Amino acid sequence: YSREKKNKITAALKFAVLIVIMVGVPLYIYLFHREFITQFSSFEQAADFLKQYEQYSVPIYLALEILQIIVVFLPGQIFQFAAGYLFGFIPGLIYTFIGAVLGTAITFYIARILGSDAVHMLLGDQRSEHYHELLSSKKAYLITFLLYLIPGLPKDAVCYAAGVSGIRFIPFLIISVAGRMPA
């Protein structure tokens, strides 16, 4: 194989893994472990779930907060309300902040590592560079921030989009965490 062909195969495989993470894992959870999701239909149920693990409730909450960002359709606000209820407002806010930072970073880099080559391959050099410049502009950062402020919008999907865009990580992290705080 030529170097270019190997790069295309690698990009396609990485993109396939990204699709499995974004679509396959949520679909698997929804189809085969729906009870995992339905047990969190209210913040009281989420708090009760965390209470049963007493001394491990904080790391379990952090794992759930990170997981709900990576697996886009899991309900984040229910966990966040439960954290405030169970741990208190300030500790719950701190734990949520830590989980949001970690989940956002993981999701951003999953997309950056697994998806950026595929986007380049699918769009071609010229169009890919055009979108990279467009998505690196100041306007893109403002739009990203505004997307985080819109209630009901799947904000976690924005992490994946940012990861394959030209947005730089640190400004994106600041924007996403600041945009999540009002919720």
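Residues numbered from 1 in each chain as written. Predicted model: local features only at pLDDT ≥ 70, side-chain atom pairs only at ≥ 80, totals over all residues. Heavy atoms only, no water.

Asks: Is there a simple way to think about the environment of Gly103 in this case?
Replies: Topologically, Gly103 is positioned in helix 6 (residues 89-123). Assessed through its relative accessible area of 0%, Gly103 is described here as buried. Taking the C-alpha atoms as reference points, Gly103 and Asp156, 53 residues apart in sequence, are found 8.9 Å from one another. Those residues in contact with Gly103 that lie beyond four places of it in its chain are Ile66, Ile69 and Ile70. (Helix = DSSP H or I, 4+ residues; strand = E, 2+ residues; numbered from the N terminus. Buried < 20%, exposed > 50% of the residue type's maximum accessible area, 1.4 Å probe, protein only. Contact = heavy atoms within 4.5 Å.)

Asks: Explain the packing of aromatic side chains to me, please; I cannot follow it from the model alone.
Replies: How two aromatic rings sit relative to each other is given by the distance of their centres and the angle of their planes. All chains considered together, the criterion is met by 11 aromatic pairs. Ring centres of Phe43 and Phe81 lie 6.3 Å apart, and the angle between their planes is 50 degrees; on these two criteria the pair is classed as tilted. Remark: Phe81 occurs in helix 5 (residues 76-87) and Phe43 occurs in helix 3 (residues 43-51); sequence separation between them is 38 residues. Both rings, one in Tyr109 and one in Phe169, keep their centres 4.9 Å apart while their planes meet at 45 degrees; by these two values the pair is tilted. With a gap of 60 residues between them, Tyr109 in helix 6 and Phe169 in helix 10 (residues 169-180) connect regions that are remote in the sequence. For Tyr109, a relative accessible area of 36% puts it in the partly exposed group. Connected via pairs of aromatic rings, a cluster forms that spans Phe108, Tyr109, Tyr148, Phe169 and Phe172. The cationic tip of Arg34 hangs over the ring face of Tyr30; the distance from NZ or CZ to the ring centre is 4.2 Å. (Phe/Tyr/Trp six-rings, centres within 6.5 Å; stacked < 30°, edge-to-face > 60°. Lys NZ or Arg CZ within 6 Å of the ring centre and 35° of its normal.)

Asks: How should helix 4 (residues 57-70) be read in this particular structure?
Replies: Because each turn of an α-helix spans 3.6 residues, side chains separated by three or four positions end up pointing in the same direction. End to end, helix 4 covers 20 Å across 14 residues, agreeing with the expected 20 Å (1.5 Å per residue, within 8%). Turning to helix 4, its buried residues number three or more, namely Ser57, Tyr61, Leu62, Leu64, Glu65, Ile66, Gln68, Ile69 and Ile70. (Expected span 1.5 Å × (residues − 1).)

Asks: Whenever I open this one, the side chain of Arg180 confuses me. Can you help?
Replies: Residue position: Arg180 is located in helix 10. When sequence neighbours within four positions are dropped, the list of residues in contact with Arg180 reads Ile69, Ala100, Thr104, Tyr148, Lys155, Asp156 and Cys159.

Asks: Hey, could you run me through the environment of Gly124 in this one?
Replies: Here Gly124 lies in the loop between helix 6 and helix 7 (125-134). Note: C-alpha distance between Gly124 and Ser2 (122 residues apart in sequence) is 18 Å.

Asks: Just checking my understanding: could you explain the packing of helix 8 (residues 138-149) against helix 9 (residues 155-164) for this structure?
Replies: Each pair of packed helices can be summarised by the angle the axes make with each other and by the distance between the axes. Contact geometry of helix 8 with helix 9 gives a least axis separation of 9 Å together with a crossing angle of 160 degrees. Judged by the angle between their axes, helix 8 and helix 9 are roughly antiparallel. For helix 8 against helix 9, the interelement crossing comes out left-handed. Contact residues: helix 8 offers Thr144, Leu147 and Tyr148, while helix 9 offers Lys155, Val158 and Cys159. (Axes fitted to C-alpha atoms, helices over the stretch in contact; angles between N-to-C directions. Parallel < 35°, antiparallel > 145°, perpendicular 65-115°, else oblique. Left-handed = near helix turned anticlockwise from the far one by under 90°.)

Asks: Mind showing me how you'd approach the pattern of salt bridges here?
Replies: Pairs can form between side chains of opposite charge whenever their charged atoms are close. Applying the stated criterion across every chain yields a total of 2 salt bridges. In this structure, the salt-bridge partner of Glu4 is Lys8, at a minimum N-O distance of 3.7 Å. Separated by 4 residues within a single helix, Glu4 and Lys8 lie in helix 1 (residues 3-32), roughly one turn from each other. Here Glu4 falls in the exposed class, since its relative accessible area comes to 54%. For Lys8, a relative accessible area of 43% puts it in the partly exposed group. Between Arg180 and Asp156 there is a salt bridge, with the nearest N and O atoms lying 2.9 Å from each other. Of this pair, Arg180 sits in helix 10 while Asp156 is found in helix 9, placing the two residues 24 residues apart along the sequence. The residues Arg180 and Asp156 share a single accessibility class, namely buried. (Salt bridge = Lys/Arg side-chain N within 4 Å of Asp/Glu carboxyl O.)

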